Structures are given as C-alpha cells and as structure tokens.
Amino acid sequence: MNPELLRRYLAFYRDLGVRFLWRRALTPHPAPVASLAAADPLAAAPPAPALLFAEEAPADDSLARIREDIGECTRCRLHKGRTNIVFGDGNEQAKLVFVGEGPGAEEDAQGLPFVGRAGQLLTQMIEGTARKEGLHLRRSDVYICNVVKCRPPENRTPLPDEIDTCSPFLFRQLAVIRPKAICCLGATAARALLGRKEGVTRLRGQWYRWQDIPVMVTYHPSYLLRPYNQSAKREAWEDLKKVLHYVYD
Ligand code: SF4
C-alpha cells in the first residue's frame, strides 16, 4: 500500500480511538488439522495462523477494556440500525468460545448474543450434547460472541468491510479469553477467523486453528432451524461432540 495512504488510514483509525490493528496473514487458507486426538495435537497443526497481530495487544487487555474501547461505536455503517451493541456473554475464563455471525432482532433488543430461537437451539445443542456424552456443561460455562457487534439490516450477512472493521474486537476477545478451542458457527465466522471463503459444508467437521487455538467450523443454528436442513443437524451434533470431547475430556 502507498505509505501516504497507509499513514492517512492509521490517522483515521487513531482519531476513532482504535489503538490496535490486526492484519490478515499472507497464508489465508490454513489446511485442516487431521486430528486433535493425537498425544500432541498441536504438533499436527498447519504452520500459519490465520491472523496475526500487527501490534502486540496490551499486556493488561481485558474484556472490560475491549468493551470500553468499542464505546458507542460508529466505525462502520451497522451502527445506524442498532439498538444495542452485542458484545458477548458467558464465562470470561471459558475453555470453549462459540463465534456466530452477528446479532439478530432479539439480540439487538436485549444486547445479548444468541437469545432468540437460534440461541435457544444453541443452548439445547450445548447442554443436550454434553449431557448425552456424560459431561456436565451449562451454556453459562462457555463464552458466546459474534463477528460483528451490531445487527445488520434485515439480518443480512455482514459485508467484508464491516467484518474487517469489527473483527479486531473479536480477535482481542479471543486473545484475552484464550480458550482451549473455538467453534465457528457458520461461514462468516469461518471467514473472519480462518480467511476461508468456502461454505460450511466444505469446512465443517475438521480442525483448523486461529493463532494457536484449535477451531472447529459447524453450521449456524439459524441454518439448522430451516425445515429442509434437517440432515445438517446430525452433522452439527457430530461436530459439537468432537469439540466437547476435545475440550472437556
Ligand atoms: S459492527 Fe462493530 S465496528 Fe460496526 S459499528 Fe458495530 S461495534 Fe462498531
């Protein structure tokens, strides 16, 4: 990029209060990790993390500080239609983080992620699968957030520039929590964290990584609510079983 243009971009973001920038790695398509069941699962990992820090995150970074930095954000056009910023919810020391796409109507109204029908299904998936697998896990034990923090109009998919503008906050959330694994719910989360543009059908069921954290991609619960997607439900349950056993066994 032209240095003068870069300088102006940086000045623009500094004026908006952005103190940390992240950039995509030059290897945006990490291959899947064959299995995390091996004795040292990280040894089998693809070499390049999907995203790299452009600057070190502050040593004392915290979820509260990230929320403070977001403020009453107007950094992208999504702020125009929102009622509430939906930052994230759950255990701040969670071993498992679920990342969705963006808030829907109910989430926007309440300021909490995954509280509508898709959220109820996600709760059932987490708690029901854990129970069947003999694990004691409540939704409140995990952390749940989205790629974009404001509701896109008509629940449309967030646009690439909206994802790029908002995802640094997600990266900081993940860097602070440092879970044992991340579960991407849907293609937008996979794109933001892994730089992958394929659909979930292609990506699901395999391990990838963000930084050094294993990442599983599966279907977004709202996709599973559609009556013609019932076969995907079984696959989503299989994906979730893998994640839960990896994290909590
Ligand atoms: S979606 Fe993110 S970047 Fe855009 S206005 Fe909301 S908080 Fe700011």
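Because the structure is a prediction, the values reported are computed rather than measured. (Residues numbered from 1 in each chain as written. Predicted model: local features only at pLDDT ≥ 70, side-chain atom pairs only at ≥ 80, totals over all residues. Heavy atoms only, no water.)

## Brief notes about the overall build of the protein
From N to C terminus, the protein includes nine helices and eight strands. Here the protein holds 249 residues, and the buried ones make up 49% of them. Partitioning the intrachain contacts of the protein with sequence separation of at least 6 by distance along the chain shows that 74% fall at a separation of at least 24. (Helix = DSSP H or I, 4+ residues; strand = E, 2+ residues; numbered from the N terminus. Buried < 20%, exposed > 50% of the residue type's maximum accessible area, 1.4 Å probe, protein only. Contact = heavy atoms within 4.5 Å.)

## Things to note about helix 4 (residues 117–132)
Its 16 residues place the ends of helix 4 22 Å apart at the C-alpha level, agreeing with the 22 Å of an ideal helix rising 1.5 Å per residue. Taken residue by residue, helix 4 has Ala118, Gly119, Leu121, Leu122, Met125, Ile126, Glu127, Gly128, Thr129 and Ala130 as its buried positions. Buried-residue contacts for helix 4 involve strand 4 (96–100), strand 5 (143–146), strand 6 (181–185), helix 8 (221–224) and helix 9 (230–248). Positive phi appears at glycine 134, one or two residues downstream of helix 4, with a value of about 75 degrees. (Expected span 1.5 Å × (residues − 1).)

## Remarks on the sheet that holds strand 3 (residues 89–90)
Taken together, the six strands give an open sheet; going across it, the order is 3-5-4-6-8-7, and neighbouring strands pair in mixed fashion. Strands with a single pairing partner mark the edges of an open sheet, and in this sheet they are strand 3 and strand 7 (207–210). Pairing of strand 4 with strand 6 involves four bridges; the strand directions are parallel. The partner of valine 99 across the bridge, within strand 6, is cysteine 184. (Pairing = 2+ DSSP bridges.)

## Quick look at the site of the ligand
What surrounds the ligand is the set Cys73, Arg75, Cys76, Leu78, His79, Arg82, Lys149, Cys150, Thr165 and Cys166. When the residues that make up the shell around the ligand are grouped by side-chain class, the tally is five nonpolar, two polar and three charged. (Near = heavy atom within 4 Å. Nonpolar A, V, L, I, M, F, W, Y, C, P; charged D, E, K, R; others polar.)

## Considering the packing of aromatic side chains
Scanning all chains against the criterion turns up three aromatic pairs. Here the aromatic rings of phenylalanine 171 and tryptophan 210 are separated by 5.9 Å at their centres, their planes lie at 25 degrees, and the arrangement is stacked. Of this pair, phenylalanine 171 sits in helix 5 (residues 160–177) while tryptophan 210 sits in strand 7, and the two are 39 residues apart along the sequence. Judged by relative accessible area, which is 3%, phenylalanine 171 ranks as buried. With a centroid separation of 5.1 Å and 10 degrees between ring planes, the pair formed by tyrosine 219 and tyrosine 223 is classed as stacked. Between lysine 180 and the ring centre of tyrosine 246, over which it is positioned, the NZ or CZ distance is 5.1 Å. (Phe/Tyr/Trp six-rings, centres within 6.5 Å; stacked < 30°, edge-to-face > 60°. Lys NZ or Arg CZ within 6 Å of the ring centre and 35° of its normal.)

## Things to note about helix 2 (residues 63–70)
Along helix 2, the positions that sit buried rather than exposed are Leu63, Ile66, Asp69 and Ile70. Taken down its axis, helix 2 places every buried residue within 120 degrees of arc, on the same side. For helix 2, the exposed residues lying more than 90 degrees away from the buried face are Ala64 and Glu68. If you follow the buried residues of helix 2, they end up packed against strand 5 and helix 5. Phi for glycine 71, located one or two positions after helix 2, is positive at around 55 degrees. (Arc of directions from axis to C-beta.)

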